[in-house]
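Take a look at the letters that make up each chain.
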Number of protein chains: 2
Amino acid sequence: MADEALFQFLHSELIQYIYKSGANGETENGKNITKLEAMGFRVGQGLIERFTKETPRFKDELDVMKFICKDFLTCLFKKQIDNLRTNHQGIYVLQDNSFRLLSQLSAGKQYLEHAPKYLAFTCGLVRGGLSDLGLKSVVTAEVAGMPACKFQVMIQKA
Amino acid sequence: MADEALFQFLHSELIQYIYKSGANGETENGKNITKLEAMGFRVGQGLIERFTKETPRFKDELDVMKFICKDFLTCLFKKQIDNLRTNHQGIYVLQDNSFRLLSQLSAGKQYLEHAPKYLAFTCGLVRGGLSDLGLKSVVTAEVAGMPACKFQVMIQKA
């Protein structure tokens, strides 16, 4: 319990630090999101290397995505995502009805504008993991009402 | 496994970010250490609140220290410290022969100068935890050869 909380608290501290140390405003907000995403990317790359040490080779793109959504994210957040859908053309939607890093914030719409900063790191995490498994992607997140959220993964064809 | 690594990687990213975003030099180094320690302090405070929710009341100072060293740190780092000594006058020395956050760095003396930044957050963590349990303290860390390290806790009498 406390060890998950350790990550969650550090994650909040990081967000606060990044937002405090920079200036404010629309452009700055975008830059901060990019920084968080880049950190997530590097962490995702590091993690996936350890994580796949004893994993058999993946069959195809869907197999990789299933691994990322089921094994990787479940282990990191100690919780399965609720739904994974795909159009079979490189777009995947991961639905989580109660995302760990949002569950500490008030539910509903009150703090909706703050949601993106709590999701950027995780977007990077997924992108970094996929990148190390050979899939270039764009990962975005969308929140309609906390603590539920949707991650959309668009695989970039080579 | 990967969930501990998640914290470790994020911790390294945070250090790199703090050191990259500020200027360099002796004074800056001190400021960065202080920032990391302050983050650890707040995280420690948050964690101890969750952690002691169902813990019986502590008898005395030694009891609190044992709790912090055995239960709290063991749960966070998934590893017991190797030795806890005290002079029974408010000074405690925690010895860890292979500290988790140093074990990713090369062993020996080569990167010894970088050790303090990898320990500041944990010093804060301990100080924050103790503070929420009613003990004001000064926590410092010392490394003679990685990955072993010693934390010294000085309890400040009211």
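Q: Got a sec to walk through the confidence of the model for chain A? Specific residues and values, please.
A: Atom-level detail of predicted coordinates should not be read off regions where pLDDT is low. Of the residues in chain A, 96% reach a pLDDT of 70 or more, and the chain-wide mean stands at 90. Within chain A, strand β3 (residues 137-142) of chain A carries the highest mean pLDDT (96), whereas helix α1 (residues 2-21) of chain A carries the lowest (88).

Q: Give a description of the environment of A:Asn97 that names residues and reports values.
A: Relative to the assigned elements, A:Asn97 resides in the loop between β2 (91-96) and α4 (115-132). At 3.0 Å, the side chain of A:Asn97 forms a polar contact with the side chain of A:Gln95.

Q: Summarise the interface of chain A and chain B; cite the residues concerned and give the values.
A: Between chain A and chain B, the residue contacts involve 29 residues of the former and 29 residues of the latter. In this assembly, chain A and chain B are joined by 2 salt bridges. Broken down by secondary-structure element, the contributors of at least two residues to the side of chain A that touches chain B are α1, α2 (26-51), α3 (61-77) and α4 of chain A. Counting residues per element, the side of chain A that touches chain B draws most heavily on α1(A), at 14 residues. Class assignment for the residues of the side of chain A that touches chain B results in 18 nonpolar, 5 polar and 6 charged.

Rules of the game
- Think of each chain on its own: its residues are numbered from 1, step by step along the sequence as written.
- Lettering of chains starts at A and numbering of ligands starts at 1, both following the order in which they are written.
- The predicted nature of this model means local features are confined to residues of pLDDT at least 70 and side-chain atom pairs, given and counted, to a pLDDT of 80 or more, with totals for whole chains, interfaces and linings taken over all residues.
- Water and hydrogen atoms were dropped before computing side-chain values, which therefore reflect all heavy atoms in the structure.
- What pLDDT reports is the predictor's confidence in each residue, on a scale of 0 through 100.
- Each helix corresponds to a stretch of at least 4 residues labelled H or I by DSSP, and each strand to a stretch of at least 2 residues labelled E; elements are numbered beginning at the N terminus.
- Nitrogen and oxygen atoms within 3.5 Å of one another constitute a polar contact, given that in protein one can donate a hydrogen and the other can accept it, and given that sequence-neighbouring residues count only through two side-chain atoms.
- Any two residues whose heavy atoms approach within 4.5 Å at even a single point are treated as in contact.
- In the sections that follow, a salt bridge refers to a side-chain nitrogen of Lys or Arg positioned within 4 Å of a carboxyl oxygen of Asp or Glu.
- Gly is placed with the polar residues, together with every amino acid not listed as nonpolar (Ala, Val, Leu, Ile, Met, Phe, Trp, Tyr, Cys and Pro) or charged (Asp, Glu, Lys and Arg).

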